[in-house]
Amino acid sequence: MKGQVIKDGVTWVGAIDWERRLFDELIPLPDGTTYNAYLVRGSDKTVLIDTVDPLFTEALTSHLEANGVTRVDYIVSNHAEQDHSGSLPMLLARFPEAKILTTPKGKGMLQDLLEIADERFQPVADGARVELGGRTLRFIHFPFVHWPETMVTYLEEDRILFSCDLFGSHYAVGNLMGTSFQAFEPETKRYYAEIMMPFRTLIAKSMPKVAALPLELIAPSHGPLITDPAAVLRVHADWLSDLPHNKAVLAFVSMHDSTRHMARYLAEALVDRGVDVEVFGLASADLGKLAMAMVDAATIVLGTPVVAAGAHPLVAYAASIANMLKPKARFAAIIGSQGWGGKPVEQLLGLIPNLKVEALPPVLARGLPRAGDFAALDQLADTIAAKHATLN
Ligand code: FEO
């Protein structure tokens, strides 16, 4: 198996992981993933761009063998995380002449993670070029896509951007060149939500460096290649912007239905007022979909019963996830039902210090929600709609 030919001299030689269902022991991968590595051949030099997860080293080396590769001059390491770098030690042993091209910070991180000798590195400055013979690689430092050491690599003559995690998708598919972006845009949004959103403002600062490039193809390190670069840049411009949509995310747990009644009532009240809403019952929700909904929501509502004087642990977990992902939401509210006491509002708001949100008045019923509680939910819906009307 030779991998997949992108064009003459540029070949995908990575691995498809159809079965993986969890990344970082946290992130759901309902559609598996791929670890994309690329073989680029100039008339003088042969380059491997990124490697694969160490569990798939054999797939990568067999692709290289099938392509007749007996010498690799450079291995580009756009990102030190092990799903892209983990095969480096084996490849360096196999190709003793190969130098690693990476950022200075990437060198340090690769040495920390993989104990690679100093002399195997050739760090590259932002904007540096390496000639391959008829082909030129340009390295663009792009921190925090997804760790601080990251860069992307541009193949100038072919107008291909090797973007590593940036613009990726956890989406296992056989034909990596033949899938239209529209078909996997939801997986790209999921990937952005789970991996990139925490670094949104930092990524936005570097994005002009990439948006200015003439692009025919984006070759990320996860998921299908992107043959419509303008489309992926367009959706990222929206996701990365500070402006949320007229949308609320309502995530709740209900033990005895009181909070469920309140969540459903508030959801309908919001729709009545023209506010889009996505509702997640946290006992069974896909946290990836919750993350996706938070990409552009203006308001996050958490619904909780009181358990042992505090918020339900699943709601506290969702709040912690939101705090880690740092979505652009401007407003937050807590609703729910309490029996004999507790301080769930203070607890949950204390779990989201990273969110720059205005806390709206909470609505807490004592036991079953009654007329007064539903009136308070109507008022909360009014407030959310009014706040969203001022978004700019
Ligand atoms: Fe695909 Fe941040 O590694």
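Residues numbered from 1 in each chain as written. Predicted model: local features only at pLDDT ≥ 70, side-chain atom pairs only at ≥ 80, totals over all residues. Heavy atoms only, no water.

Enquirer: Tell me what's going on with the packing of helix H9 (residues 287–294) against helix H10 (residues 313–325), and back it up with residues and numbers.
Expert: One way to put it is that H9 packs onto H10 with a least axis distance of 11 Å and a crossing angle of 50°. In this view, H9 runs oblique relative to H10, as classed from their interaxial angle. Read as a crossing pair, H9 and H10 show a hand that is right-handed. Packed against H9, whose contacting residues are Leu-287, Leu-290, Ala-291 and Met-294, the element H10 presents Tyr-317, Ala-318, Ala-322 and Leu-325 at the interface. Residues belonging to the contact of H9 with H10 are distributed by class as follows: eight nonpolar, no polar and no charged. (Axes fitted to C-alpha atoms, helices over the stretch in contact; angles between N-to-C directions. Helix = DSSP H or I, 4+ residues; strand = E, 2+ residues; numbered from the N terminus. Parallel < 35°, antiparallel > 145°, perpendicular 65-115°, else oblique. Left-handed = near helix turned anticlockwise from the far one by under 90°. Contact = heavy atoms within 4.5 Å. Nonpolar A, V, L, I, M, F, W, Y, C, P; charged D, E, K, R; others polar.)

Enquirer: Account for the nonpolar core, naming residues and giving values.
Expert: Leu-161, Phe-162, Phe-167 and Ile-203 are the most contacted members of the largest nonpolar core, which has 88 residues in total. With seven residues, the single largest contributor to this core is helix H5 (residues 181–196). Lining this core are residues from two domains, each supplying at least three of them: domain 1 (4–240) and domain 2 (247–384). Grouped together as the second largest cluster of nonpolar side chains are 25 residues, Phe-252, Met-262, Phe-331 and Ile-335 included. (Core = buried A, V, L, I, M, F, W, Y, C linked by side-chain atoms within 4.5 Å. Buried < 20%, exposed > 50% of the residue type's maximum accessible area, 1.4 Å probe, protein only. Domains from an automatic or database assignment.)

Enquirer: I'd like a rundown of the pairing of strand E17 (residues 276–281), residues and numbers included.
Expert: Note that strand E16 (residues 245–252) and E17 share six bridges and pair parallel. Following the sheet pairing, Ala-251 is matched in E17 by Phe-280. Crossover E16 to E17 through helix H8 (residues 258–272) is right-handed. (Pairing = 2+ DSSP bridges. Right-handed = clockwise from strand over helix to strand, strands pointing away.)

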